[in-house]
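Residue-level structure breakdown
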Amino acid sequence: MKTFRRLGTLTAGLFIGLGLGLPALAAPVQDGADVADVDAVVATVEAKRAGDARRVGMPDDLYAGEELVTGKGARLHATLTDGGKLMLGEEAVVALDRFLLEADEPAGAVRVTKGAFRMISGSINKGLGGTLTLRTPVATIGVRGTDFWGLQTEDSLLMALLDDGELSITFPTGTVVLSEPMTLVRYQRGQERPVMDVLTPEALSEAAATVTLPQ
């Protein structure tokens, strides 16, 4: 994909898999709850659950337990029930495993298998005891308020903090905390330690293009 190839200058070496395994992804699921409203869809996006698949369009709802799969050239923008935003790029696989907004301790759990994504968190992780957690094949990410972007491939992850807040990212080799806006971390499976860097304006533009709706 052209956009991902341009990002290669920022993520050199990230796409070489080393064949090391992690435990299979899993997360608690509150099946069937309405967790988001679709704002925009470009090209083909499907929602899959329990062997069934449906084509996502406007103005559909998205439900807990569904795995969202975007096709070539696709985009999906949605508003979560807590007011947060979810944006997916092409050929992404992301599941909204849990979104308990009315619980005593609100909790959201999102599973990212692959692709580019951006989230602007809403209220779920900003109140007392509220949490928002993302899981990928190589990391677990705790989110405290904020706007962030990521790119997950089979064996690598690039995460960038775009605004005030905090990302606590736990890799097999340890935990990295991003607390300064416009900072990023890149990690390749099998790498001794993740690499932290500054997100340049050029890199920010390239990252944004992976999830932005076409003009």
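Residues numbered from 1 in each chain as written. Predicted model: local features only at pLDDT ≥ 70, side-chain atom pairs only at ≥ 80, totals over all residues. Heavy atoms only, no water.

Once that is clear, we can look at the overall build of the protein. When helices and strands are counted, the protein shows two helices and 17 strands. Counting across all 215 residues of the protein, residues that qualify as buried make up 47%. In the protein, once contacts between residues fewer than 6 apart in sequence are set aside, the share between residues at least 24 apart is 52%. For the protein, the accessible surface area stands at approximately 9800 Å², while carbon and sulfur atoms represent 52% of it. (Helix = DSSP H or I, 4+ residues; strand = E, 2+ residues; numbered from the N terminus. Buried < 20%, exposed > 50% of the residue type's maximum accessible area, 1.4 Å probe, protein only. Contact = heavy atoms within 4.5 Å. Areas by Shrake-Rupley, 256 points an atom, 1.4 Å probe, with all protein chains shown as cover.)

In terms of nonpolar packing, the biggest core is built from 39 residues, with Leu62, Leu134, Met159, Leu167 and Ile169 touching the most fellow members. A per-element tally of this core places strand E9 (residues 107-120) first, with four residues. Sequence-distant contacts of Leu62, defined by excluding residues within four places in its chain, comprise Ala33, Asp34, Val35, Ala36, Val38, Arg54, Val56, Leu68, Leu76, Ala78 and Leu96. Counting residues in hydrophobic clusters, the runner-up holds twelve residues, among them Trp149, Leu199, Ala203 and Val211. (Core = buried A, V, L, I, M, F, W, Y, C linked by side-chain atoms within 4.5 Å.)

The next subject is the environment of Glu91. Positionally, Glu91 belongs in the loop between strand E7 (85-88) and strand E8 (93-100). For the pair Glu91 and Gly73, spaced 18 residues apart in sequence, the C-alpha to C-alpha distance is 7.6 Å. Excluding residues that lie within four positions of it along the chain, Glu91 makes contacts with Thr70, Gly71, Lys72, Lys114 and Gly115.

Take unusual backbone geometry next. The residue after Met58, namely Pro59, is reached through a cis peptide bond having omega -5 degrees. Within the chain, Ala50 stands out as a residue other than glycine whose phi angle is a positive 50 degrees. Phi angles above zero are rare outside glycine, and Glu91 is one such case at about 50 degrees. Relative accessible area serves as the criterion here: at 37%, Glu91 is assigned to the partly exposed category.

Quick look at the confidence of the model for the protein now. Detailed reading of the predicted model is not advised wherever pLDDT is low. A residue-level look at the protein finds 79% of positions with pLDDT of 70 or above and a mean pLDDT of 83. Under a pLDDT of 50 for its full length, residues 1-30 has, in the predicted model, 65 contacts with residues more than four places off or in other chains. (pLDDT = per-residue confidence, 0-100.)

Looking now at the pairing of E7. Pairing of strand E6 (residues 75-80) with E7, which is carried by four bridges, proceeds in the antiparallel orientation. Note on E7: the bridge partner recorded for His77 is Met87. Two strands pair when backbone bridges link them, and E7 and E9 are joined in this way by four bridges, in the antiparallel orientation. Residue Met87 lies in a different strand from E9, and its bridge partner there is Arg118. (Pairing = 2+ DSSP bridges.)

Okay, the side chain of Gln188 next. With respect to the element layout, Gln188 can be found in strand E16 (residues 183-188). A polar side-chain atom of Gln188 sits 3.4 Å from the main-chain carbonyl oxygen of Asp155. (Polar contact = N/O pair within 3.5 Å; in protein donor to acceptor, adjacent residues only side chain to side chain.)

What follows is about the pattern of salt bridges. Summed over all chains, the structure comprises eleven salt bridges. Arg111 is the partner of Glu67 in a salt bridge, and the nearest nitrogen-oxygen pair spans 3.9 Å. Of the two residues, Glu67 sits in strand E5 (residues 67-70) while Arg111 sits in strand E9, which places them 44 residues apart along the sequence. On the accessibility criterion, Glu67 (25% relative accessible area) is partly exposed. Given the relative accessible area of 18%, Arg111 is considered buried. With a closest N to O distance of 3.7 Å, Asp197 and Arg186 form a salt bridge. Residue Asp197 is located in strand E17 (residues 195-198), and its partner Arg186 is located in strand E16; the two are separated by eleven residues in the primary sequence. Here Asp197 falls in the partly exposed class, since its relative accessible area comes to 35%. One network of salt bridges, with partners in common, ties together Arg54, Asp60 and Glu66. (Salt bridge = Lys/Arg side-chain N within 4 Å of Asp/Glu carboxyl O.)

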